[in-house]
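If you want the building blocks of each chain, they are given just below.
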Amino acid sequence: MYDRILVPTDGSTGVERAVEHAVGLAEEHGATVQALYVVNAATFGGLPMETSWEGISSVLRDEGHEAVERVEEIAEKHGVEVETRIVEGMPSRTICEHAASEGCDLIVMGTHGRGGIDRLLMGSVTERVVRTAEPPVLTVNMTDDESAEEAAAEERTPQP
């Protein structure tokens, strides 16, 4: 039923539940998992002009490598093949375009990843993907405990 399962990741704790679910489905169906990290440059549009885009881009790409490597680690434990991509763009649009161009049969996403003010200002990436993606989208809920842990981690993380 599934040959190519797309798992967008932002590296957050909550997304790992979606990754585990996607890898489990891939294992059952003999499918390949595609891990996608989207560098969202628009989020950093309000930074002072003297801020170096190259420096920010490098930090975001490093985050992306860590996020897709985590997907690889989880998949390896289950013997599931993984392809990884790190791309720039608007997350919801890029996820939908990637799913269509790569012939993905399913998108598996957490109900929310990184949130806070970004979610309030930009809306939910998952919600937009659910509404516009060609393939089916399976959303994996986070528990309240995970949401609280995620919020606490975001508060402790220094902002650029």
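Refer to the structure printed above.
In what follows, the accompanying structure is described. Note that the structure is predicted; figures quoted are calculated from it, not measured.

Calculation notes
- Residues numbered from 1 in each chain as written.
- Predicted model: local features only at pLDDT ≥ 70, side-chain atom pairs only at ≥ 80, totals over all residues.
- Heavy atoms only, no water.
- Helix = DSSP H or I, 4+ residues; strand = E, 2+ residues; numbered from the N terminus.
- Buried < 20%, exposed > 50% of the residue type's maximum accessible area, 1.4 Å probe, protein only.
- Contact = heavy atoms within 4.5 Å.
- Areas by Shrake-Rupley, 256 points an atom, 1.4 Å probe, with all protein chains shown as cover.
- Axes fitted to C-alpha atoms, helices over the stretch in contact; angles between N-to-C directions.
- Parallel < 35°, antiparallel > 145°, perpendicular 65-115°, else oblique.
- Left-handed = near helix turned anticlockwise from the far one by under 90°.
- Nonpolar A, V, L, I, M, F, W, Y, C, P; charged D, E, K, R; others polar.
- Core = buried A, V, L, I, M, F, W, Y, C linked by side-chain atoms within 4.5 Å.
- Pairing = 2+ DSSP bridges.

**Let's talk about the overall build of the chain**
Logical step 1: For the chain, the helix and strand inventory stands at 6 helices and 5 strands.
Logical step 2: Helices and strands in the chain line up, N terminus first, as β-α-β-α-β-α-β-α-α-β-α.
Logical step 3: Counting every position in the chain, which comprises 160 residues, the buried fraction comes to 39%.
Logical step 4: Pairs at least 24 apart in sequence give 79% of the contacts found in the chain among residues at least 6 apart.
Logical step 5: With an accessible surface of roughly 9000 Å², the chain has 49% of that area assigned to carbon and sulfur atoms.

**Some details on helix H3 (residues 91-101)**
Logical step 1: Residues Pro91, Ser92, Thr94, Ile95, Cys96, His98 and Ala99 constitute the buried set of H3.
Logical step 2: On its buried side, H3 packs onto strand E1 (4-8), strand E2 (32-39), strand E3 (82-88), strand E4 (106-110) and helix H5 (125-132).
Logical step 3: Remark: Gly103 follows H3 within two positions and exhibits a positive phi of approximately 65°.

**Thoughts on the packing of H3 against H5**
Logical step 1: Between H3 and H5, the shortest axis-to-axis distance is 9 Å and the interhelical angle comes to 40°. Between H3 and H5, the interaxial angle falls into the category oblique. Judged by the twist between their axes, the crossing of H3 over H5 is right-handed. Note on element contacts: H5 touches H3 through Val125, Arg128, Val129 and Thr132, opposite Pro91, Ser92, Ile95 and Cys96.
Logical step 2: For the contact of H3 with H5, the per-class residue count stands at 5 nonpolar, 2 polar and 1 charged.

**As for the environment of Glu72**
Logical step 1: Inspection of the secondary structure puts Glu72 in helix H2 (residues 53-77).
Logical step 2: Counting along the chain gives 38 residues from Glu72 to Gln34, while the straight-line C-alpha distance between them is 9.6 Å.
Logical step 3: Leaving out residues up to four positions away in the same chain, Glu72 has contacts with Val82 and Thr84.

**Here we look at the side chain of Thr126**
Logical step 1: With respect to the element layout, Thr126 can be found in helix H5.
Logical step 2: The residues contacting Thr126, other than those within four sequence positions of it, are Met109, Gly110, Thr111 and Thr139.

**As for the nonpolar core**
Logical step 1: Among the nonpolar cores identified, the biggest contains 28 residues, and Ile5, Val19, Val23, Val33 and Val108 are the most heavily contacted of them.
Logical step 2: Mapped by element, the contributors of at least two residues to this core are E1, helix H1 (13-29), E2, H2, E3 and E4.
Logical step 3: Filtering out sequence-adjacent residues up to four positions away, Val23 remains in contact with Val33, Ile74, Ala75, His78 and Val80.

**Some words on the sheet that holds E2**
Logical step 1: Strand order in the open sheet made by the 5 strands is E3-E2-E1-E4-E5, with parallel pairing throughout. Each edge of the sheet is formed by a strand with only one pairing partner; in this case those strands are E3 and strand E5 (137-140). Each strand axis lies, on average, 25° off the axis of its neighbour in the sheet, ignoring direction.
Logical step 2: Packed onto the sheet, H1 meets E1, E2, E4 and E5 and runs at close to 175° relative to E1.
Logical step 3: Taken strand by strand, H5 contacts E4 and E5, and its axis lies near 160° from that of E4.

**A look at the pairing of E4**
Logical step 1: Most of E4 sits out of view: 5 of its 5 residues are buried.
Logical step 2: Two elements, E1 and E4, share 2 bridges in a ladder whose sense is parallel. The partner of Ile5 across the bridge, within E4, is Leu106.
Logical step 3: Judged from the 4 bridges that link them, E4 and E5 form a sheet pairing that is parallel. Bridging from a neighbouring strand, Val108 pairs with Leu138 of E5.

Just distances and angles here, no functional claims.
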